[in-house]
Structures are given as C-alpha cells and as structure tokens.
Amino acid sequence: MPRTLLFNKPFDVLSQFTDKGTEGTTRRTLSEFIDVPGVYAAGRLDRDSEGLLVLTDDGGLQQKIANPRNKWPKTYWVQVEGTPSDAALESLRKGVDLKDGKTRPAQVARMDEPASLWPRTPPIRVRKSVPDCWLKITISEGRNRQVRRMTAAVGHPTLRLIRYAIGPWTIDGLLPGTWNDAPAHRIPPAGDGPRPSRKPNRRPRR
C-alpha cells in the first residue's frame, strides 16, 4: 500500500533527505526527523519557512501535489511587517504583478496570532516602532517564494511563513519536527483531487 506522511517542518530545515550542495555542510535535512524508506517530498517548502510538508512513495500523488497545473490549494499563516490596508488585501486577492507575471486570485484574510503557534528558533526580527500583523493566505499555484513576494509587492514584507494546509491535510496536532501518517480516508485516489481548469469548447462562428 502507498504511504503518505504529514510532517511539520521546522525553520532552517531543507525539504530533502540529503544536502549535496556543500560538502561537509551542517545544514539540517529531513533525514534528521524521518526514517521511513522510499518516501519523498511532494513539492518543496523553503528552508526559512515552516509547516506542512507532504511526503509519499506514491508517484502519482506526488505529481498531483507538486505540479502547479493541478491547482492544489495551499494555505499559509503569514506574519507581515506593518498593518495592511483593505486596499492592500484586495490587491492580494485580485492578483499582484510579479517579475514572472501576475499571480492568480488568492483568498486573503486578517487573522489573530494562531493559538497553537510555537516559538521559532531563532526568533524573527522585531522592530518596536513597526507593528506586525497575521494573515491567512490561500493560493493555488506554486511559484518560487511566491507568498513572500506577494506581500512584499503590497509593501508588507513577510516576517514568518508557516504552511498550514495542503489540499485536505493540515498541521493540526503536529508539533514542529514530528510527523504522522496521513488519514487513509483523506488520501485522494488516483485521478481525484483538483484539476486544471479548462476553457469550454466553443463552436466556430459561421
């Protein structure tokens, strides 16, 4: 039977089992936390980001989650510098212009600091003269460092980024550095799950 794991990745951990970038490196990898053979990360989570990482030995499921064409929703808890205005939030919802094009519409809302939030080591940089704010942002694409670039584009740099959910899965009940098997009833079968949208066929005009 295929196996799928839900892992709460800590800050400063690579989303891979080996670090081939630098010989003798001390960078932390998934091998420090997970000893299940044959599973690989479905998609990535930046080293300086935290939260949900899905690992599986099911190649079809891995492709479904990782391929941005499938538009799997991913939800983030985002601590930003400053207090975004309603106009800034609306810009994020409608899509902002980045160097690689305009982002798809996103779901964005202000939120209280998560009740289950854990301390980060090291802590974020705090400026006493500048307030900060938490946002809940759901996107359906996976560009490089996309959420950070989106908030920066509207004038509110990201201070801390935690991925809360991917599709039907969340980090609820998972402390940083721990993992669980994904609930079997929530693992999408082959061919299920979000699919890319298609334009309706139109008959040619005569």
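Residues numbered from 1 in each chain as written. Predicted model: local features only at pLDDT ≥ 70, side-chain atom pairs only at ≥ 80, totals over all residues. Heavy atoms only, no water.

1. What about helix α3 (residues 146-153)?
Here is step 1: Buried within α3 we find Gln146, Val147, Arg148, Met150 and Thr151.
Here is step 2: On its buried face, α3 is in contact with β4 (74-81), α2 (86-94), β5 (97-98), β8 (132-139) and β9 (158-166).
Here is step 3: Just downstream of α3 lies Gly155, where phi reads positive at about 90°. (Buried < 20%, exposed > 50% of the residue type's maximum accessible area, 1.4 Å probe, protein only. Helix = DSSP H or I, 4+ residues; strand = E, 2+ residues; numbered from the N terminus. Contact = heavy atoms within 4.5 Å.)

2. Comments concerning the pairing of strand β3 (residues 50-56)
Successive residues of a regular strand alternate their side chains across the two faces of the sheet.
Here is step 1: Burial within β3 is extensive, with seven of its seven residues counted as buried.
Here is step 2: Of the strand pairs in this sheet, strand β2 (residues 40-41) and β3 are connected by two bridges, and their pairing is antiparallel. Opposite Tyr40, over in β3, you have Thr56 as the bridge partner.
Here is step 3: As paired elements, β3 and β9 share two bridges and run parallel to each other. Each residue of the ladder has a partner; that of Glu50, found in β9, is Ile162. (Pairing = 2+ DSSP bridges.)

3. What to know about the packing of aromatic side chains
Aromatic ring pairs are described here by two measures, namely the spacing of the ring centres and the angle between the planes.
Here is step 1: In this structure the tally under the stated criterion is three aromatic pairs.
Here is step 2: Here the aromatic rings of Trp72 and Trp169 are separated by 5.9 Å at their centres, their planes lie at 20°, and the arrangement is stacked. Of this pair, Trp72 sits in the loop between α1 (59-66) and β4 while Trp169 sits in strand β10 (residues 169-170), and the two are 97 residues apart along the sequence. The pair Trp72 / Trp169 is uniform in exposure class, with both members buried.
Here is step 3: Here Trp77 and Tyr164 contribute two aromatic rings whose centre-to-centre distance is 4.7 Å and whose plane-to-plane angle is 20°, an arrangement assigned as stacked. With Trp77 in strand β4 and Tyr164 in strand β9, this residue pair connects regions lying 87 residues apart in the sequence. Like Tyr164, Trp77 is buried.
Here is step 4: Lying across the ring of Phe11, Arg120 places its NZ or CZ 3.9 Å from the centre. (Phe/Tyr/Trp six-rings, centres within 6.5 Å; stacked < 30°, edge-to-face > 60°. Lys NZ or Arg CZ within 6 Å of the ring centre and 35° of its normal.)

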